[in-house]
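Chain residues, written in single-letter form:
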Amino acid sequence: MGLELYLDLLSQPCRAVYIFAKKNGIPFELRAVELLKGQHLSDAFAQVNPLKKVPALKDGDFTLTESVAILLYLTRKYEVPDHWYPQDLQARARVDEYLAWQHTTLRRNCLRALWHKVMLPVFLGEPVSPQMLAATLAELDETLQLLEDQFLQNKAFLAGPHISLADLVAVTELMHPVGAGCQIFEGRPKLAAWQQRVVAAVGEELFREAHEVILKARDSPPADPIIKQKLMPGVLAMIR
Amino acid sequence: MGAAEPGVGTGWEVGALILVPLLPLPCPVTWGEPRCPSRPQFPLPEKTERKAFRSLGVPGLSSLGSHSLRPSLPLSGHHHSKEYIEINPVRKLPSLKDGKFILSESVAILFYLCRKYSAPSHWYPPDLHTRARVDEFMAWQHTAIQLPMNKILWIKLLIPMITGEEVPAEKTEQMLEEVKKSLQLFEEKFLQDRMFITGDQISLADLVALVEMMQPMASNHNVFLNSAKLADWRMRVELSIGSGLFWEAHERLVKLAEWDCSTLDPMVARPWVWGTERSGRDPEANIP
């Protein structure tokens, strides 16, 4: 059995891993894990990842979780072009810096934006107060400003002149609020230009393919009560 | 490493390699050593970085002495001053400045130091799978360990100290449950039956894990009490680092309860203490 990637493209980190593997021609078996059906909570999947999360990687007997770790593993094992994770000490540190920062900031706020705006009310039938939603979107706004001011600044890409893992992780996160209908690039020409550069570097077709699912998030049919009950605790913990 | 260069602003001393103490707070704060006689010098814990440097054998640092490490006053609001922002636009702790290169995020700093100073390989093993395990932990810990450990500190010590009120028992219970689950996962997935996370030797993962689990000690909460396995691992990590260095790094943390919180800048406490106001969250709602 070769490399297996357990993914659901609804999830931001899964999209980054998917794009990276495809872009670099890394051969893998896609193992679909449907989050909205609760498949990540199954005993079968727990054998792959006891943390019950996607993405997960299985390479023979070796299993790995955490998208950042998976991306770094693929980078090293398949000797991808240097720009993804540069050898240069300082350039690499910039990528590491972004990948560390984003967990509790952009990742968190993009997730909350999607769930508060769309998934909780539409899919789970749980209304979210306008104040709550406004606060979440305000936090996202602050984070987007930080992304521009602290990381992007006047560079072409987040860590320097070339696309890196940092850009891939960031751009896939941003598609979460986009999928929720948030106009995050409005009034942010710098960020919009960066996003276009990243999409061009990745390839428009691959980018579109990876984001088909998230762009249909608003059309999710309501969950049946059993599924809803199963998913709620995990969702609440995830968006806390 | 180069000579010291003057910094901007009044009375700043900037060494060639400036490191900042690891703060017990995840909030963005500043660093530096202002010569402001009117402000008390609040001592801060210096943990991961100082330990990392000594353990990694970073050359020349011990000879730079106290100039290499800048204790800072993150709780007193100096991070709003222009001088701070010019020296460190990121306004974060810990921060590293190597010539003109400024780096934040402790994980990134640790990797940088390992590479630049060719630290012994056990810190970040070159084997593909072993290194992946360290990466996996370093990614997971941001939300699974660091955040909950800081929550304990805020809920048990800092919020009561600042507001004069205890946090509702329900919130505390919920938070402690979260911590329990995280520590269980840590033992089951990352530690298992090994001496250290990667096997027989200490790595960056153990270092980061331990300093974060030590945070609640400042609020008299010892997460190692409930698990012999965790307590044993803790001791192994301490001995591996060297007890002297370990406790030197934690000296200030364990004295946090003695801090005069009247110097606290509200901006720092805001997300923790006044979270409900700012976010407009209805505390009664079942959506957190």
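Keep in mind that what you see is a predicted model, and the values were worked out from it rather than measured.

Caption draft 1: Focus on the packing of helix α8 (residues 189-202) of chain A against helix α9 (residues 204-211) of chain A. Residue and element names in this part refer to chain A. Running from N to C, α8 and α9 point in directions that differ by 105°, and their axes come no closer than 6 Å. The angle between α8 and α9 places the two elements in the roughly perpendicular class. Contacts between α8 and α9 pair Gln-195, Val-199 and Val-202 from the former with Glu-204, Leu-206 and Phe-207 from the latter. Classifying every residue of the contact of α8 with α9 by side-chain character gives 4 nonpolar, 1 polar and 1 charged.

Caption draft 2: Region of interest: α9(A). Residue and element names in this part refer to chain A. Within α9 the residues assigned to the buried category are Leu-206, Phe-207, Ala-210 and His-211. Each buried residue of α9 sits inside an arc of 125° when the element is viewed along its axis, so together they form one side. Within α9, the exposed residues directed more than 90 degrees away from the buried face are Glu-204, Glu-205 and Arg-208. On its buried side, α9 packs onto α1 (12-23), α7 (165-179) and α8.

Caption draft 3: Spotlight on the interface of chain A and chain B. Opposite the 38 residues of chain A that make contact, chain B presents 38 residues. For the pair chain A and chain B, the interface holds 3 salt bridges. Salt-bridge contacts for B:Glu178 lead to A:Arg240; the nearest nitrogen and oxygen are separated by 3.5 Å. Breaking the side of chain A that touches chain B down by element, the ones donating at least two residues are β4 (62-65), α3 (67-77), α4 (89-101), α5 (106-123) and α6 (130-152) of chain A.

Caption draft 4: Inspection of the nonpolar core at higher detail. If you look at the biggest cluster of nonpolar residues, it comprises 91 residues, and the most contacted ones within it are A:Tyr98, A:Leu174 and A:Trp194. For this core, the element with the most residues is α5(A), which contributes 10 residues. Judged by nonpolar contacts, the second largest core, of 55 residues, contains B:Val107, B:Ile145, B:Ile159 and B:Val208.

Caption draft 5: Geometry of the pattern of salt bridges. All chains considered together, the criterion is met by 21 salt bridges over all chains. Taking the shortest distance from any N to any O, the salt bridge between A:Arg188 and A:Asp141 comes out at 2.9 Å. Of this pair, A:Arg188 sits in the loop between α7 and α8 while A:Asp141 sits in helix α6, and the two are 47 residues apart along the sequence. In this structure, B:Lys229 and B:Asp193 form a salt bridge, with 3.8 Å as the shortest nitrogen-oxygen distance. Residue B:Lys229 is found in helix α8 (residues 228-241), and its partner B:Asp193 is found in the loop between α6 (169-191) and α7 (204-214); the two are separated by 36 residues along the sequence. Overall, the relative accessible area of 31% leaves B:Lys229 in the partly exposed class. For B:Asp193, a relative accessible area of 75% corresponds to the exposed category. In the salt-bridge network here, residues are joined through shared partners; they are A:Glu4, A:Glu29 and A:Arg31.

Caption draft 6: Structural detail: the environment of A:Thr136. Residues and elements named next belong to chain A. Along the chain, the position of Thr-136 falls in helix α6. Classification of Thr-136 as buried rests on a relative accessible area of 2%. Along the chain, Thr-136 and Ala-56 lie 80 residues apart, while their C-alpha atoms are 28 Å from each other.

Caption draft 7: Up close: the sheet that holds strand β2 (residues 29-32) of chain A. All names here are of chain A. Pairing in this open sheet of 4 strands is mixed, and the strands run β2-β1-β3-β4 from one edge to the other. The sheet is open, and its two borders are formed by β2 and β4, each paired with just one other strand. The sheet shows a mean angle of 20° between the axes of neighbouring strands, direction not considered. The sheet contact formed by strand β1 (residues 3-7) and strand β3 (residues 56-59) spans 4 bridges and is antiparallel. Bridged to Glu-4 within β3 is Lys-58.

Caption draft 8: Molecular detail of the UniProt feature "domain: GST C-terminal" (unreviewed entry) in chain B. The feature "domain: GST C-terminal" (unreviewed entry), as given by UniProt, occupies residues 127-257 of chain B in the numbering adopted here. Strand forms 0% of residues 127-257 of chain B and helix 70%; the C-alpha atoms that close the span are 43 Å apart.

Caption draft 9: The arrangement of the environment of B:Gly244 in detail. Residues and elements named next belong to chain B. Within the element layout of this structure, Gly-244 appears in helix α9 (residues 243-250). What makes Gly-244 exposed here is its relative accessible area of 55%. For the pair Gly-244 and Pro-126, spaced 118 residues apart in the sequence, the C-alpha separation amounts to 29 Å.

Caption draft 10: A look at the environment of B:Ser203. Checked against the element boundaries, B:Ser203 lands in the loop between α6 and α7. On the basis of relative accessible area, B:Ser203 is assigned to the buried category, the value being 0%.

Caption draft 11: Representation of the pairing of strand β4 (residues 95-98) of chain B in the model. Residues and elements named next belong to chain B. Burial of the side chains of β4 extends over both faces: Ser-95 and Lys-97 are buried on one face and Leu-96 and Asp-98 on the other. In this structure, β4 lies alongside strand β5 (residues 101-104), joined through 4 bridges in antiparallel fashion. The residue bridging Leu-96 from the neighbouring strand is Leu-103, located in β5.

Caption draft 12: Expanded view of the packing of aromatic side chains. Going through the model one piece at a time under the given rule, you end up with 15 aromatic pairs over all chains. Taking 5.2 Å as the distance between ring centres and 85° as the angle between the ring planes, the aromatic pair formed by A:Phe20 and A:Trp84 counts as edge-to-face. One end of the pair, A:Phe20, is in helix α1; the other, A:Trp84, is in the loop between α3 and α4, and 64 residues separate them in sequence. A:Trp84 matches A:Phe20 in its accessibility class, with the two residues each being buried. One aromatic cluster in this structure is built from B:Phe137, B:Trp140, B:Phe186, B:Phe190 and B:Trp233. Here the guanidinium or amino end of B:Arg131 rests over the ring plane of B:Tyr124, the centre of that ring lying 4.0 Å away. Of note, B:Arg234 hangs over the ring of B:Phe224, and the distance from its end group to the ring centre comes to 5.9 Å.

Caption draft 13: Region of the structure containing the UniProt feature "domain: GST N-terminal" (unreviewed entry) in chain A. Cross-referencing UniProt, the feature "domain: GST N-terminal" (unreviewed entry) maps to residues 1-82 of chain A in the present numbering. Along residues 1-82 of chain A one finds 35% helix and 21% strand; the C-alpha atoms at either end are 28 Å apart.

Each value, and the rule that gives it
Residues numbered from 1 in each chain as written. Chains lettered and ligands numbered in written order. Predicted model: local features only at pLDDT ≥ 70, side-chain atom pairs only at ≥ 80, totals over all residues. Heavy atoms only, no water. Axes fitted to C-alpha atoms, helices over the stretch in contact; angles between N-to-C directions. Helix = DSSP H or I, 4+ residues; strand = E, 2+ residues; numbered from the N terminus. Parallel < 35°, antiparallel > 145°, perpendicular 65-115°, else oblique. Contact = heavy atoms within 4.5 Å. Nonpolar A, V, L, I, M, F, W, Y, C, P; charged D, E, K, R; others polar. Buried < 20%, exposed > 50% of the residue type's maximum accessible area, 1.4 Å probe, protein only. Arc of directions from axis to C-beta. Salt bridge = Lys/Arg side-chain N within 4 Å of Asp/Glu carboxyl O. Core = buried A, V, L, I, M, F, W, Y, C linked by side-chain atoms within 4.5 Å. Pairing = 2+ DSSP bridges. UniProt positions renumbered as here; feature names shortened; annotations may be inferred. Phe/Tyr/Trp six-rings, centres within 6.5 Å; stacked < 30°, edge-to-face > 60°. Lys NZ or Arg CZ within 6 Å of the ring centre and 35° of its normal.

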